Amino acid sequence: MTDFIKILTRKNSLRKQCQDMDPAVIEKVIADLNDIREEIEEARQRREQEEQAKKEKVAEIQRLMNEAGIGLEELKKTVEPAARKKAVKAKYVITDSEGREHTWSGRGRTPVAFREYMDANNLTKEQLPTVD
């Protein structure tokens, strides 16, 4: 909890802070706080109304599905699955000192095996052996 919140929520602390303030300034602060409270309440009510409208739409859809004799499983069959990202083909291939083959598409961070290979052979990415 911040010091500001502590002062606002403790009457004695608030009284002490407001002690030297002009009453007009205190009235302005009170008016501003009331405006903020109203904005927060209106936003909460809007969210509740939107949620209620959504629930009513779902209930209507369920009613229409029941009337038409359509089950959820049947509905799922009509929806196409989201397209998966295609795997990127490897562009570079190396064989490390232990005889293991490593492949890399050339995208993203350079894998450790490729970095070590390039350092050991004083190569750049463009000079790496490519997949045929």
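Participant: Explain the overall build of the protein to me, please; I cannot follow it from the model alone.
Facilitator: Along the protein, the regular secondary structure elements total 5 helices and 2 strands. Taking 2.2 N^0.38 as the reference for a compact globule, 132 residues should give roughly 14 Å; the C-alpha atoms of the protein span a radius of gyration of 33 Å, well beyond that estimate. In terms of its C-alpha atoms, the protein occupies a principal-axis envelope of roughly 80 × 60 × 25 Å. The buried share among the 132 residues of the protein stands at 8%. Here the analysis covers contacts within the protein between residues at least 6 apart in sequence; of these, 22% occur between residues at least 24 apart. Distance from the positive charge centre (26 side chains) to the negative charge centre (26 side chains) of the protein: 3 Å.

Participant: Please clarify how unusual backbone geometry should be interpreted in this entry.
Facilitator: Glycine aside, residues mostly have negative phi angles, and peptide bonds mostly take the trans form. Notably, Asn122 is not glycine yet its phi reads approximately 50°, a positive angle. Tracing the sequence through the fold places Asn122 in the segment after helix 5 (112-121). On the accessibility criterion, Asn122 (69% relative accessible area) is exposed.

Participant: Is there a simple way to explain the packing of aromatic side chains in this structure?
Facilitator: Summed over all chains, the structure comprises 2 aromatic pairs. When the centroid spacing of 5.4 Å and the interplanar angle of 55° are considered together, the rings of Trp104 and Phe114 count as tilted. With Trp104 in strand 2 (residues 101-104) and Phe114 in helix 5, this pair connects stretches of sequence that are 10 residues apart. Taking relative accessible area as the criterion, Trp104 reaches 6% and is therefore assigned buried.

Participant: Would you mind showing me how to read the pattern of salt bridges here?
Facilitator: Side chains that differ in charge, positive against negative, can pair when their charged atoms come close. A complete count under the given rule lists 8 salt bridges for this structure. Notably, a salt bridge pairs Glu48 with Arg44, separated by 2.3 Å at the nearest N-O pair. Pair noted here: Glu48 and Arg44 are both in helix 3 (residues 23-68), with a separation of 4 residues, about one helical turn. Judged by its relative accessible area of 31%, Arg44 falls in the partly exposed class. Connected through shared salt-bridge partners, Glu41, Arg44 and Glu48 make up one network.

What counts and what doesn't
Residues numbered from 1 in each chain as written. Predicted model: local features only at pLDDT ≥ 70, side-chain atom pairs only at ≥ 80, totals over all residues. Heavy atoms only, no water. Helix = DSSP H or I, 4+ residues; strand = E, 2+ residues; numbered from the N terminus. Rg over C-alpha atoms; globule rule 2.2 N^0.38 Å. Buried < 20%, exposed > 50% of the residue type's maximum accessible area, 1.4 Å probe, protein only. Contact = heavy atoms within 4.5 Å. Lys, Arg positive; Asp, Glu negative; His and termini not counted. Charge placed at Lys NZ, Arg CZ, Asp CG, Glu CD. Phe/Tyr/Trp six-rings, centres within 6.5 Å; stacked < 30°, edge-to-face > 60°. Salt bridge = Lys/Arg side-chain N within 4 Å of Asp/Glu carboxyl O.

By themselves, these are just geometric observations and shouldn't be taken as functional.
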